[in-house]
Protein chains: 2
Amino acid sequence: MPTHSEENYIKAIWKLSQGENPVVTTNSIAASVNTKAASVSDMLRKLSEKKLIRYEKYQGVELTASGRKTALSIVRKHRLWEVFLVEKLNYGWDEVHEIAEQLEHIVSDNLVDRLDLFLGHPKVDPHGDPIPDKNGRISDPNGVLLSSIAAGQTVTMTGVTEHSTAFLRYLDNHSIGLGCKMQIEEINSFDFSMNVRIKGRKAITITQAAAKNILVKPERSR
Amino acid sequence: MPTHSEENYIKAIWKLSQGENPVVTTNSIAASVNTKAASVSDMLRKLSEKKLIRYEKYQGVELTASGRKTALSIVRKHRLWEVFLVEKLNYGWDEVHEIAEQLEHIVSDNLVDRLDLFLGHPKVDPHGDPIPDKNGRISDPNGVLLSSIAAGQTVTMTGVTEHSTAFLRYLDNHSIGLGCKMQIEEINSFDFSMNVRIKGRKAITITQAAAKNILVKPERSR
DNA sequence: ATATAAATTTAGGCAAGCCTAAAAAATACA
DNA sequence: TGTATTTTTTAGGCTTGCCTAAATTTATAT
């Protein structure tokens with residue numbers, strides 16, 4: 001049974017190993033779990049002894065199969081609890097992270113199963129992130145960056161790649177959320193901001209900085 | 001902010017201080033939190049420094065107002081989560097204690113408020129124990145021991161004073177639960193076991209040992 | 001290639017919470 | 001009352017997870 005703290009490291013390592021160019025270094029882990037590099041070195045040794053990671057001094061870190069399983073179980077719990085908080089307790093998607101960080105450490109496989117059932121076996125969390133199944137299988141994030149879409153296209157928003165309160169509030173303030181169907185009317189060649197029309201609303205401008213953190217699914221191309 | 005462990009001690013002290021003849025000693029606390037007396041002494045010193053208890057060496061322990069508030073907040077969370085587990089996730093009343101012991105340490109006042117609302121402001125938990133309000137006010141346990149009821153009376157079950165899985169399963173097996181309206185038909189003078197008829201069922205026998213752990217509310221006397 | 005900078009690890013220490021063994025205080029009892 | 005027993009506390013130690021400072025390794029830049 002990993003400790004609370006070990007779970008946080010494992011989850012951090014998993015997260016850092018996701019995406020395009022993974023940077024799983026002692027320093028990046030330290031930043032993720034809010035501690036110092038020296039503490040990370042300590043912990044890496046311990047996790048390595050427990051066979052949760054493969055670790056050679058100075059050579060970087062990788063989860064073992066067992067470590068990955070642990071990570072995905074935590075991610076599953078985190079995301080299911082986020083669904084609970086938003087769907088059942090009416091939290092905003094920008095308010096749930098901290099609480100889910102606590103709830104993800106509750107130990108009871110049975111509880112997770114029942115929660116999953118209670119929530120209707122959701123496939124994604126309130127930010128559009130896929131929820132791993134009980135065997136640790138997880139689907140790919142559904143969508144491409146809005147910033148990569150050409151003018152004229154119509155897309156549906158499926159997720160975000162940034163979970164900060166500030167960013168999520170920004171989207172709320174522009175009434176942009178998961179499932180929004182939007183047409184890219186124009187891309188300003190000056191700053192690459194996008195003029196976007198959300199079905200039946202007046203057009204809005206989305207900065208490139210924001211568009212780089214929005215995942216969308218293009219309309220079936222014609 | 002009390003630690004996880006401090007919260008467990010505070011809750012144990014509160015529990016031990018409830019009821020007829022409270023026995024809040026170093027040893028009884030040690031038994032409650034599954035540790036040794038020496039560890040309790042350590043912790044009592046610490047809790048005393050934090051003004052959560054009044055403590056004189058060898059002279060016993062008492063919660064301060066602040067300590068009591070802390071205790072009741074934990075009890076509130078524990079009992080609300082138990083309601084959630086039973087009402088929403090369909091757990092049996094004998095299965096929820098362990099999980100609630102974990103959930104009670106989740107820190108978020110707002111979460112508790114929303115949970116309370118989501119559950120419809122329940123007054124009691126699945127065992128009939130009163131749920132403290134957000135200000136730490138708690139009502140008295142509702143009922144008297146079934147073992148104190150005279151033959152001929154009709155009563156409604158309102159709670160239990162023992163939460164072991166074994167006892168709760170025993171009640172389940174006899175289809176005895178909160179809200180059962182039962183008539184005491186006879187008390188056997190030999191072993192004080194009770195012949196009880198639950199509305200519209202065949203009579204059953206309840207041993208005195210069991211009756212001492214069942215709380216009931218007598219019918220409005222006539 | 002080598003010096004400097006950056007990243008990482010080791011060494012040594014600290015607080016929390018637990019332990020066992022021993023000492024001290026309180027209680028029981030003869 | 002004085003001794004034996006029980007309860008509680010203290011002393012000393014252990015592990016976890018963190019820290020700072022120093023040493024070591026790797027990367028960078030001239």
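None of these values were measured; they are calculated from a predicted model.

J.: Help me out: how do you make sense of the packing of aromatic side chains in this one?
T.: How two aromatic rings sit relative to each other is set out by the distance from centre to centre and by the angle between their planes. Going through the model one piece at a time under the given rule, you end up with 9 aromatic pairs over all chains. Aromatic pair W81(A) and F84(A): ring centres 5.5 Å apart, planes at 85 degrees, arrangement edge-to-face. You can see W81(A) and its partner F84(A) sitting in helix α4 (residues 65–88), 3 residues apart, about one turn around the helix. The buried category is assigned to F84(A), whose relative accessible area is 0%. Feature note: the residues W81(A), F84(A), F118(A), W81(B), F84(B) and F118(B) constitute an aromatic cluster, connected by ring pairs.

J.: Would you explain the relation of the copies chain B and chain A in this entry?
T.: For the pair of chain copies, the relating transformation is a rotation about an axis with a translation along it. For these two chains of identical sequence, chain B goes onto chain A by a turn of 180 degrees and a shift of 0.0 Å along the axis, with RMSD 0.1 Å. Taken together, the rotation and translation describe the operation of a two-fold axis. Using C-alpha coordinates, one finds that chain B approaches the rotation axis most closely at L103(B), a distance of 3.8 Å.

J.: Would you mind showing me how to read the confidence of the model for chain A here?
T.: Parts of the prediction with low pLDDT should not have their coordinates interpreted in detail. Mean pLDDT over chain A: 96, with 99% of residues reaching 70 or higher. Note on the complex model: pTM 0.95, ipTM 0.93.

J.: Mind showing me how you'd approach the sheet that holds strand β4 (residues 154–160) of chain A here?
T.: Two orientations exist for strands paired in a sheet by backbone hydrogen bonds: parallel and antiparallel. Residues and elements named next belong to chain A. Taken in spatial order, the 6 strands make up an open sheet running β3-β8-β4-β5-β6-β7, and their pairing is antiparallel. Only two strands of the sheet have a single partner each, and these edge strands are β3 (144–145) and β7 (204–206). Bridge count for strand β6 (residues 194–198) against β7 is 3 bridges, and the pairing is antiparallel. Counterpart to V196 in the pairing with β7 is I204.

What counts and what doesn't
- Residues numbered from 1 in each chain as written.
- Chains lettered and ligands numbered in written order.
- Predicted model: local features only at pLDDT ≥ 70, side-chain atom pairs only at ≥ 80, totals over all residues.
- Heavy atoms only, no water.
- Phe/Tyr/Trp six-rings, centres within 6.5 Å; stacked < 30°, edge-to-face > 60°.
- Helix = DSSP H or I, 4+ residues; strand = E, 2+ residues; numbered from the N terminus.
- Buried < 20%, exposed > 50% of the residue type's maximum accessible area, 1.4 Å probe, protein only.
- Least-squares fit on C-alpha atoms with pLDDT ≥ 70 in both.
- pLDDT = per-residue confidence, 0-100.
- Pairing = 2+ DSSP bridges.

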